[in-house]
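As a plain string of letters, each chain reads:
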Amino acid sequence: MVCLLKYTGAALALASTAIASPTTSAHVEARKAPLIPNGKKAGSAGGRAVHLWKDHIGWWYDWTPKPSGHDEVPGVSMLWGDGHQGQFDADRLHAFQNLHSTPQYLLGPNEPDCHGTYSADLRVAQGVSLWNQYIAPKGRAGSLLGSPSMCKQKDEGWLAKFRTQKLDADWDFTAIHVYKDSMQGVQEDIDHYWNKYGKPIWVTEFACVSDQPEWKPCQDQGQINRFINDVVDLFEKNEHVMAYAYTDGGGLSPNWTPTNNDGSKLSESGRTYLNAIKKYH
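Residues numbered from 1 in each chain as written. Predicted model: local features only at pLDDT ≥ 70, side-chain atom pairs only at ≥ 80, totals over all residues. Heavy atoms only, no water.

Draft legend 1. A look at the packing of helix α4 (residues 87-97) against helix α5 (residues 124-141). Where α4 meets α5, the axes come as close as 12 Å, and the angle between the chain directions of the two elements is 45 degrees. Looking at the two axes, α4 sits oblique to α5. Considering how the two elements wind past one another, α4 and α5 form a crossing that is left-handed. Of α5, the residues touching α4 (which contributes Leu-93, Phe-96 and Gln-97) are Leu-130, Tyr-134 and Lys-138. Of the residues assigned to the contact of α4 with α5, the class counts are four nonpolar, one polar and one charged. (Axes fitted to C-alpha atoms, helices over the stretch in contact; angles between N-to-C directions. Helix = DSSP H or I, 4+ residues; strand = E, 2+ residues; numbered from the N terminus. Parallel < 35°, antiparallel > 145°, perpendicular 65-115°, else oblique. Left-handed = near helix turned anticlockwise from the far one by under 90°. Contact = heavy atoms within 4.5 Å. Nonpolar A, V, L, I, M, F, W, Y, C, P; charged D, E, K, R; others polar.)

Draft legend 2. Expanded view of the packing of aromatic side chains. Counting across every chain of the model gives 23 aromatic pairs. A centroid spacing of 5.9 Å and a plane angle of 80 degrees characterise the contact between Phe-206 and Tyr-246, whose relative ring orientation is edge-to-face. Residue Phe-206 is found in strand β7 (residues 201-210), and its partner Tyr-246 is found in strand β9 (residues 241-247); the two are separated by 40 residues along the sequence. Comparing Phe-206 with Tyr-246, the two get one shared label, buried. Linked through ring pairs, Trp-53, Phe-206, Phe-227, Phe-235, Tyr-244, Tyr-246, Trp-256 and Tyr-273 together constitute an aromatic cluster. Note that Arg-92 overlies the ring of Trp-80, its terminal NZ or CZ placed 4.9 Å from the centroid. Over the face of the ring belonging to Trp-171 we find Arg-163, whose NZ or CZ atom lies 4.8 Å from the ring centre. (Phe/Tyr/Trp six-rings, centres within 6.5 Å; stacked < 30°, edge-to-face > 60°. Buried < 20%, exposed > 50% of the residue type's maximum accessible area, 1.4 Å probe, protein only. Lys NZ or Arg CZ within 6 Å of the ring centre and 35° of its normal.)

Draft legend 3. Seen up close, the confidence of the model for the protein. When pLDDT is averaged across the protein, the result is 89; 89% of the residues are at 70 or more. Scored below 50 in pLDDT, residues 1-26 makes 32 contacts in the model with residues more than four places away or belonging to other chains. (pLDDT = per-residue confidence, 0-100.)

This is the structure in structure tokens:
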């Protein structure tokens, strides 16, 4: 189901909580935090282009507990993993252990269901322990919590098991990754997680990728441009999507990168995203 109404101003926070389940709505209302961050769904996963998109995005994150370097746009915190995936993972865990503030939003572990450099690679029991020790207390203190975000889209081998465990706090919104090359595929991902968990959705990473039968990032600039324009329209008009973030992370084709090498100006893909979100923000 798609809602074409565009929310603005004071109505935004009310509308963003109204679609959630009664428990979630009350949970969010108690914190006085809108599910659409700063009134703008559009955001950035990674800081490469934030300074060039700053007037048209409402949030960004860099997979760390305390994003830095772009104070012009509010950063969203994340506890990436449990520290076993190398020095960056260990540093992020240490930084979280020293995070004495209560973030407005807090994202759970990144791709715990996959191996490799870009994924937290956690067993479900490890994820539960990490969640209860570090994330649930922040939720009780006032943070809005995002679920762990899966690497395997629409795969319930990890998250469904996680949800059945004894969690000291539930998540407020489901964080998902969307790597598809068609709007049908994107919509199927959104519908799956909405139908499964019934919670508002943040698309914390998206990119143009053919993921079947194997992972193959889009190479053609025309295809990438069409995908960006179409997917922004879909996210903005979908009543279940509260936030989405263009990813400048690894593993994608060079022309997906939103800026040139030194970050001084936008690439064609970065300009396409900017023009797409300017229609809404």
